[in-house]
Amino acid sequence: LYTQSSSTASLDLYGAICELEDNSIIVSHWLPNTAGTKAQIQTWRSTDGTTWTKISSQALDNALDIGSTFGAGNSGYEVQKTRMRSIDGQILLIAHLLGHNTSLSSTDLVGQWVSVDGGTSFQLVEISDGTSAFSQPELLIVGGKFAIVYHESVDTTKMVFLPNPYTGVKTA
């Protein structure tokens with residue numbers, strides 16, 4: 001499906017897979033620019049699981065800054081795992097991000113994006129602000145609704161139901 005070049009091998013791909021309502025499958029993964037300063041999501045689609053077509057190399061409405069390092073006040077993120085699910089043609093993509101700004105209460109952040117065009121493009125809903133931890137988020141469909149499960153602390157796991165994919169996990 002995709003082979004990393006030596007210039008992008010420093011970034012883990014953290015892929016996600018999602019079956020759409022038409023029984024096609026989309027796969028997404030992180031894709032850094034050649035300078036290693038920005039990360040985008042690349043998406044692929046298949047109707048048979050064997051033949052894949054790239055549908056976007058820049059699916060996010062804005063690439064994420066990954067060029068900085070960890071430190072007080074620093075901008076950017078270290079990208080982590082992604083998850084994707086679809087309900088009624090609305091695809092929700094979430095990503096675990098480690099914020100480079102170590103001044104935050106938590107650097108475990110969650111990013112949320114929505115696609116309504118089959119995974120060709122994703123619009124940002126929100127990236128959490130670091131006031132609470134959103135470690136290792138998982139995305140489920142429970143009772144016909146999106147649900148995000150995450151670790152808030154070492155001994156606290158939470159589940160949040162989203163009334164729609166445009167509702168941020170922080171406000172749900």
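So, here is what we can say about the structure in this document. (Residues numbered from 1 in each chain as written. Predicted model: local features only at pLDDT ≥ 70, side-chain atom pairs only at ≥ 80, totals over all residues. Heavy atoms only, no water.)

On to the side chain of serine 24, then. Of note, serine 24 is situated in the loop between strand S1 (16–19) and strand S2 (25–32). Of the polar contacts made by the side chain of serine 24, one reaches the side chain of arginine 45; its length is 2.8 Å. Setting aside anything within four residues of it in sequence, one finds serine 24 in contact with Cys18, Glu19, Arg45, Ser46 and Thr47. (Helix = DSSP H or I, 4+ residues; strand = E, 2+ residues; numbered from the N terminus. Polar contact = N/O pair within 3.5 Å; in protein donor to acceptor, adjacent residues only side chain to side chain. Contact = heavy atoms within 4.5 Å.)

We now examine the sheet that holds strand S10 (residues 135–142). With antiparallel pairing, the 3 strands of this open sheet are ordered in space as S10-S11-S12. Since the sheet does not close on itself, it has two edges, and those belong to S10 and strand S12 (156–162), each with one partner. Averaged over all neighbouring strand pairs, the angle between strand axes comes to 25 degrees, with direction disregarded. Where strand S11 (residues 145–153) and S12 come together, 7 bridges link them in antiparallel fashion. Within S12, the residue paired with serine 153 across the bridge is threonine 156. (Pairing = 2+ DSSP bridges. Axes fitted to C-alpha atoms, helices over the stretch in contact; angles between N-to-C directions.)

Using the criterion set out here, one finds 4 salt bridges in the structure. The salt bridge partner of arginine 45 is aspartate 22, with a shortest N-O separation of 2.5 Å. Residue arginine 45 is located in strand S3 (residues 38–46), and its partner aspartate 22 is located in the loop between S1 and S2; the two are separated by 23 residues in the primary sequence. On the accessibility criterion, arginine 45 (23% relative accessible area) is partly exposed. Across the pair arginine 83 and glutamate 138 runs a salt bridge, and its minimum N-O distance is 3.0 Å. One end of the pair, arginine 83, is in strand S6 (residues 77–87); the other, glutamate 138, is in strand S10, with 55 residues separating them in the sequence. By relative accessible area, which is 23% here, arginine 83 ends up partly exposed. Salt bridges linked by common partners bring Lys81, Arg83 and Glu138 together as one network. (Salt bridge = Lys/Arg side-chain N within 4 Å of Asp/Glu carboxyl O. Buried < 20%, exposed > 50% of the residue type's maximum accessible area, 1.4 Å probe, protein only.)

Strand order in this open sheet of 4 strands is S6-S7-S8-S9, and the pairing throughout is antiparallel. If you trace the sheet from one side to the other, it starts and ends with S6 and strand S9 (123–127), each paired once. With direction set aside, neighbouring strand axes in the sheet form an average angle of 20 degrees. Summarising the sheet, strand S7 (residues 90–99) and strand S8 (residues 108–115) pair through 8 bridges and their orientation is antiparallel. Counterpart to leucine 98 in the pairing with S8 is aspartate 108.

Below, the discussion takes up the environment of tyrosine 14. Tracing the backbone through its elements, the reader meets tyrosine 14 in the segment before S1. Since its relative accessible area comes to 27%, tyrosine 14 is described here as partly exposed. In this structure, the C-alpha to C-alpha distance between tyrosine 14 and valine 79, residues 65 residues apart in sequence, is 8.3 Å. Those residues within four positions of tyrosine 14 in sequence are excluded, and the remaining contacts are Ser28, His29, Trp30, Val79, Gln80, Lys81 and Thr82. At 3.4 Å, the side chain of tyrosine 14 forms a polar contact with the side chain of aspartate 12.

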